[in-house]
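What the coordinates show
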Amino acid sequence: MDYFLPSWYQAKDSWDAPDQLWYQQDHQRDFDDTISQVRMFIANQQPVCLVVPAYFPNLRYFLYRQKILETKWVSIFDRLQGIPADQEMHPLDYHDFNWPDDADFVYSSFNLLVYRQGKLAYRILQGPEGNLIGVERLLDDQVIRKLIIDDRGFVSRVDIFQAASNGWRREYLDPTGQLQFIEEADGRVTIASGATAEIEQTSYPSLTDLVVEQVQKVFQGVASTDGIFLAADQEHSHQLIGSLGHRGTLSYFYDRASVQTDQERGDLERAELILVDSDTNRRGVEHLTHTPVIELPPFDTRLSLGTSNQEEKLKIFFMIQGLSDQELTTALRLFLAALERDPLRELTVVTYQRWSERPRVAKILEQLQREANYTAIYELAEEETTQSENDLGEGLVKIKKRRIHLQEVHSEQDIITALRPMRLVVDLSAQPDVFLQIASISAGIPQILAQPSLYVDDQKNGIIIKSIDQELLSALDYYLTGLHHWNEALVYITNRIAEFTGPRIIQQLHDALGGEN
């Protein structure tokens with residue numbers, strides 16, 4: 001059995017899971033290393049168990065969205081709140097509450113609001129599936145009380161806000177409404193006299209102490225041959241790694257964690273193995289520890305070739321995440337020059353940021369178009385148009401508009417779908433996107449990067465450039481002029497794809513941990 005402890009937290013100093021409000025779900029990627037590793041292990045018939053330290057009352061909805069609902073899981077807060085492992089789901093509806101007779105229900109753009117005598121009295125909060133996740137009680141437009149609803153159908157926690165003292169407290173309940181413990185604003189935790197959970201003390205200095213104690217209990221009976229994978233982050237992994245008894249594998253994913261303090265360096269030595277997803281993260285930890293470091297993708301490859309060879313246009317996928325204004329300006333200037341060389345070339349600018357990148361990209365494009373006398377008109381767009389009319393003083397002349405598209409992605413499927421018609425992928429950030437690299441290999445698409453990567457071999461399945469200004473344009477031409485180099489890359493990718501399949505990744509992990517699990 002392999003155990004996974006994810007980093008699913010609202011903030012580094014909180015044990016609450018990320019907010020599940022439906023209208024906030026597209027502000028961030030909805031995948032991470034734990035989700036992908038669990039999927040990979042399940043797909044290869046490897047027994048796994050999720051150990052979730054976060055307070056996550058809507059865990060089952062989240063697991064369903066990630067397609068891992070059937071995974072065995074242990075919730076630390078379920079144990080603390082005395083919630084049985086076989087607790088049935090009977091989801092609550094807001095109609096199940098006893099509302100005042102004078103309550104008026106009003107649907108806003110984001111929430112269901114409840115007014116009394118013309119004043120806002122309650123705010124009903126819903127999740128991505130329309131599920132009830134909370135009810136806020138308001139007084140003079142200030143939240144004074146909040147009910148947190150568990151997706152199995154009961155009030156899991158009551159948050160009480162004290163405006164006068166700027167304080168708060170949280171009361172954690174079992175499914176019958178029985179108080180289990182209280183968390184105060186100063187961090188202290190008091191266990192209720194009627195608590196049913198197996199908790200050793202009557203009070204704790206902080207919620208962290210209580211969570212760590214329970215995590216330690218979970219792993220007391222785990223076999224020494226079982227793998228334990230702890231998602232490294234900026235605070236929780238440090239608090240939890242001591243509970244694993246020098247047996248945990250710290251998993252570094254994207255920029256979720258970095259090693260900057262002596263405390264964080266100490267965590268490296270307390271781990272059995274360090275797992276990194278990129279050359280960037282390897283460079284960040286390898287020289288700081290004697291613990292073995294292994295670099296493997298958290299995503300596996302699946303050969304699913306794209307359709308670019310069926311497309312008339314030569315489409316370029318340009319990921320702009322992590323680029324400064326200067327880097328983006330330099331790159332877009334060169335992309336415009338590349339588009340000028342062939343009317344079939346087309347650019348898709350891709351970002352994870354919700355619409356906030358659109359004004360930046362549009363401003364830079366407008367600046368570049370003022371600087372140069374392009375024969376085509378470039379326009380940041382979402383829908384295809386092909387022609388416009390422009391009065392040049394000599395009658396009406398039709399000028400072709402070649403669009404530069406801006407596309408947002410928020411999930412693995414978004415990226416896979418966006419890649420299908422692409423001829424080339426470009427990611428010039430200091431920390432290139434790992435999932436994008438793996439997905440590009442699966443789709444048979446060569447890549448241009450500005451950093452070395454385990455997944456891209458220079459002049460084989462892509463090009464590693466040292467200078468955007470001096471090398472990007474020639475690298476674009478290398479794959480977009482004719483098919484010779486593109487076909488060579490496709491053949492190389494097809495031969496290499498087996499290196500990053502699920503069985504190979506799992507085997508390498510188990511080998512690094514000392515043998516078969």
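Description of the structure in this document.

**Side note on empty space enclosed by the protein**
A full pass over the atoms with the stated rule returns 5 cavities of 30 Å³ or more. Within this model, the largest cavity holds a volume of roughly 70 Å³. Every residue lining the largest cavity is counted, 13 residues in all, and those nearest its centre are Asp233, Ser237, Tyr252, Glu264 and Asp267. For the lining of the largest cavity, the elements supplying multiple residues, two or more each, are α5 (236-241), β15 (248-252) and α6 (262-270). The residue inventory of the lining of the largest cavity, partitioned by class, reads 5 nonpolar, 4 polar and 4 charged.

**Regarding the packing of aromatic side chains**
Under the counting rule described, the total for this entry stands at 22 aromatic pairs. Consider the rings of Trp99 and Phe105, whose centres lie 5.6 Å apart with planes at 90°: the pair is edge-to-face. Given a relative accessible area of 17%, Trp99 falls into the buried group. Lying over the aromatic face of Trp168, Arg170 brings its terminal NZ or CZ to 4.5 Å of the ring centre.

**Some thoughts on the pattern of salt bridges**
Throughout the structure, instances matching the rule amount to 28 salt bridges. Taken together, the shared-partner salt bridges connect Arg60, Asp78, Asp150, Asp151 and Arg152 into one network.

**Thoughts on helix α10 (residues 412-419)**
Buried within α10 are the following residues: Glu412, Ile415, Ala418 and Leu419. Relative to the axis of α10, the buried residues are bounded by an arc of 135° and lie together on one face.

**Digging into the nonpolar core**
Ranked by size, the top nonpolar core spans 67 residues in total, and within it Phe219 and Tyr252 carry the most contacts. No other element matches helix α4 (residues 207-220), which puts 7 residues into this core. In this structure Phe219 touches Tyr3, Leu5, Val51, Ile228, Ser243 and Leu244, once residues within four positions along its chain are discounted. Counting residues in each nonpolar core, the second largest holds 38 residues, with Phe318, Leu347, Leu472 and Leu476 among its members.

**A closer look at the packing of helix α8 (residues 325-340) against helix α12 (residues 468-480)**
Contact geometry for α8 and α12: axes closest at 10 Å, N-to-C directions at 30°. Considered as vectors, α8 and α12 are oriented roughly parallel to each other. When you trace α8 past α12, the crossing you get is right-handed. Seen from α8, the contacting residues are Thr330, Ala331, Leu334, Phe335, Ala337 and Ala338; seen from α12, they are Ile468, Asp469, Leu472, Leu473 and Leu476. Broken down by class, the residue content of the contact of α8 with α12 amounts to 9 nonpolar, 1 polar and 1 charged.

**What about the environment of Leu138?**
Note on placement: Leu138 falls in strand β7 (residues 132-139). For Leu138, a relative accessible area of 2% corresponds to the buried category. Sequence separation of Leu138 and Ser467 is 329 residues, and the distance between their C-alpha atoms is 56 Å. In contact with Leu138, other than residues within four places in its own chain, are Leu120, Ala121, Tyr122, Arg123 and Val143.

**A short note on the side chain of Ser453**
With respect to the secondary-structure elements, Ser453 resides in the loop between β24 (447-449) and β25 (462-464). A distance of 3.1 Å separates the side chain of Ser453 from the backbone nitrogen of Tyr455, its partner in a polar contact.

**Examining the side chain of Gln37**
Note that Gln37 resides in helix α1 (residues 33-43). Contact partners of Gln37, with chain neighbours within four places excluded, come to Phe4, Ser251, Leu275 and Pro298.

**Focus on the sheet that holds strand β10 (residues 167-173)**
Pairing in this open sheet of 10 strands is antiparallel, and the strands run β4-β5-β6-β7-β8-β9-β10-β11-β12-β13 from one edge to the other. The two strands at the open ends of the sheet, each matched to only one other strand, are β4 (103-107) and β13 (203-204). Note that β10 and strand β11 (residues 179-184) share 5 bridges and pair antiparallel. If you follow Arg169 over to β11, its bridge partner there is Glu184.

**Section: the layout of surface pockets**
Rolled over the atoms, a probe sized like a water molecule indicates the empty space that remains. For the second largest pocket, the calculated volume is near 620 Å³. Sorting the residues of the lining of the second largest pocket by element identifies α1, α10 and α11 (434-443) as the ones contributing at least two each. At 5 residues, α11 tops the list of elements feeding residues into the lining of the second largest pocket. Its residues assigned to classes, the lining of the second largest pocket shows 11 nonpolar, 6 polar and 8 charged.

The rules behind the values
Residues numbered from 1 in each chain as written. Predicted model: local features only at pLDDT ≥ 70, side-chain atom pairs only at ≥ 80, totals over all residues. Heavy atoms only, no water. 1 Å grid on protein atoms, 1.4 Å probe; cavity = no way out; pocket = protein on both sides within 12 Å on 5 of 7 lines; lining within 4 Å. Points joined across faces, edges and corners; volume = space filled by probe spheres on them. Helix = DSSP H or I, 4+ residues; strand = E, 2+ residues; numbered from the N terminus. Nonpolar A, V, L, I, M, F, W, Y, C, P; charged D, E, K, R; others polar. Phe/Tyr/Trp six-rings, centres within 6.5 Å; stacked < 30°, edge-to-face > 60°. Buried < 20%, exposed > 50% of the residue type's maximum accessible area, 1.4 Å probe, protein only. Lys NZ or Arg CZ within 6 Å of the ring centre and 35° of its normal. Salt bridge = Lys/Arg side-chain N within 4 Å of Asp/Glu carboxyl O. Arc of directions from axis to C-beta. Core = buried A, V, L, I, M, F, W, Y, C linked by side-chain atoms within 4.5 Å. Contact = heavy atoms within 4.5 Å. Axes fitted to C-alpha atoms, helices over the stretch in contact; angles between N-to-C directions. Parallel < 35°, antiparallel > 145°, perpendicular 65-115°, else oblique. Left-handed = near helix turned anticlockwise from the far one by under 90°. Polar contact = N/O pair within 3.5 Å; in protein donor to acceptor, adjacent residues only side chain to side chain. Pairing = 2+ DSSP bridges.

So yeah, pure geometry; function would need other evidence.
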